[in-house]
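# Survey of secondary and tertiary structure
Given next are the chains, with one letter for each unit.
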Amino acid sequence: MVDAASIVNELWFLPVMFAVVVSIVYFFSNKLKIKNKNAKNKIVSFSAGVSITYLLLEFFPRFTEGALQVHRLLFLSVLFGFTIHHLIEKEIYIHHHKHGLIKMLSLEENMFSYIYHIVVGGGFVYLTRTSIVEGFLYFITIVSYTFVSTLPTKPHQSVMKSLTLASSTIIGAVLMTIAYDYVPLWVHIFLMGLAIGVLIFTVTRHHIPFGRHGRADYFTLGLILYSALIMASWFV
């Protein structure tokens, strides 16, 4: 009888496949423009519901289990991820005039996106090797988050630049696949906490529609459906 660990080892390529899909979504969503404002609000709101649900019901609890297994100091990685993103963005707003603000924010977004998606690619390897179900739930959330977060950005004029930024997830997954057996557990947990901190900042500040924007019903629908999916995975 084949056990779960053997199946996971045989599917070592699965995280890389997840990363390839995310990279493709990143590349094409940046070039996609949804002109129908109502349709865009529905997509963004639904995706926000999915993202925040995954963060609170699956990703953070999974990180907590790992951090408590290693050391409580790893909880600082969440704070670090959130704070560094906030401070850099705040510095840009303070020290740049309006005409240079958009350019600097775009540069910050590209830099953070590239580094973050390398970490995300590594996360695919760790979570999928832990559990294929966890890897799949992570994949759905990251695809949703990547699609929505790149919709409002200005399309890159250079195809090479677009490919470079989009390839970051694949790079992270390939590097972690190669180095997985040599990476200590605390590094995996630290990177997970870092990703959570960045996600908390970006989802709550930029992803969830503010004020009159967005659709509360679609946000709630995403929240309910993904909550049901996550809770069902607890019994698998």
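Structure: see above.
Since the structure is predicted, the reported quantities are computational estimates derived from the model, not experimental observations. (Residues numbered from 1 in each chain as written. Predicted model: local features only at pLDDT ≥ 70, side-chain atom pairs only at ≥ 80, totals over all residues. Heavy atoms only, no water.)

As a further point, take empty space enclosed by the protein. On inspection of all chains with the given rule, the structure shows 1 cavity of 30 Å³ or more. Of the voids in this model, the largest cavity is the one considered here, and its volume is about 100 Å³. In this structure, the largest cavity is lined by Phe59, Val119, Gly122, Gly123, Tyr126, Leu127, Tyr138, Met176, His188, Leu191, Met192 and Ala195. Sorting the residues of the lining of the largest cavity by element identifies helix H5 (98-130) and helix H9 (185-207) as the ones contributing at least two each. For the lining of the largest cavity, the element with the highest residue contribution is H5, accounting for 5 residues. The residue inventory of the lining of the largest cavity, partitioned by class, reads 9 nonpolar, 3 polar and no charged. (1 Å grid on protein atoms, 1.4 Å probe; cavity = no way out; pocket = protein on both sides within 12 Å on 5 of 7 lines; lining within 4 Å. Points joined across faces, edges and corners; volume = space filled by probe spheres on them. Helix = DSSP H or I, 4+ residues; strand = E, 2+ residues; numbered from the N terminus. Nonpolar A, V, L, I, M, F, W, Y, C, P; charged D, E, K, R; others polar.)

Let us look at the environment of leucine 191. Inspection of the secondary structure assignment puts leucine 191 in helix H9. Each C-alpha atom of the pair leucine 191 and tyrosine 116 lies 9.7 Å from the other, and the pair is 75 residues apart in sequence. When sequence neighbours within four positions are dropped, the list of residues in contact with leucine 191 reads Val119 and Met176. (Contact = heavy atoms within 4.5 Å.)

Time to look at a nonpolar patch on the surface. On the surface, a cluster of nonpolar side chains totalling about 310 Å² of accessible area is made up of Trp12, Phe13 and Met17. Mapped onto the elements of the fold, methionine 17 is located in helix H2 (residues 14-29). Look at methionine 17 and you get partly exposed, because its relative accessible area is 45%. (Patch = residues over 30% accessible without salt bridge, like charges linked within 9 Å, V, L, I, M, F, W, Y side chains within 5 Å. Areas by Shrake-Rupley, 256 points an atom, 1.4 Å probe, with all protein chains shown as cover. Salt bridge = Lys/Arg side-chain N within 4 Å of Asp/Glu carboxyl O. Buried < 20%, exposed > 50% of the residue type's maximum accessible area, 1.4 Å probe, protein only.)

Take the packing of aromatic side chains next. All told, the structure shown has 12 aromatic pairs when counted by the stated rule. Relative to tyrosine 138, the ring of tyrosine 54 lies with its centre 6.2 Å away and its plane at 45°, an arrangement referred to as tilted. One end of the pair, tyrosine 54, is in helix H3 (residues 37-70); the other, tyrosine 138, is in helix H6 (residues 132-150), with 84 residues separating them in the sequence. With a relative accessible area of 2%, tyrosine 54 lands in the buried category. Taking 5.4 Å as the distance between ring centres and 80° as the angle between the ring planes, the aromatic pair formed by phenylalanine 82 and phenylalanine 201 counts as edge-to-face. Within this pair, whereas phenylalanine 82 is found in helix H4 (residues 76-95), its partner phenylalanine 201 is found in helix H9, the two being separated by 119 residues in sequence. Judged by relative accessible area, phenylalanine 82 falls into the partly exposed class, the value being 31%. Judged by relative accessible area, phenylalanine 201 falls into the buried class, the value being 4%. Every member of this aromatic cluster is reached through a ring pair, and the members are Phe18, Tyr54, Phe59, Phe124, Phe136, Tyr138, Phe139 and Tyr226. The side chain of arginine 129 reaches across the aromatic face of tyrosine 180, ending 4.5 Å from its centre. (Phe/Tyr/Trp six-rings, centres within 6.5 Å; stacked < 30°, edge-to-face > 60°. Lys NZ or Arg CZ within 6 Å of the ring centre and 35° of its normal.)

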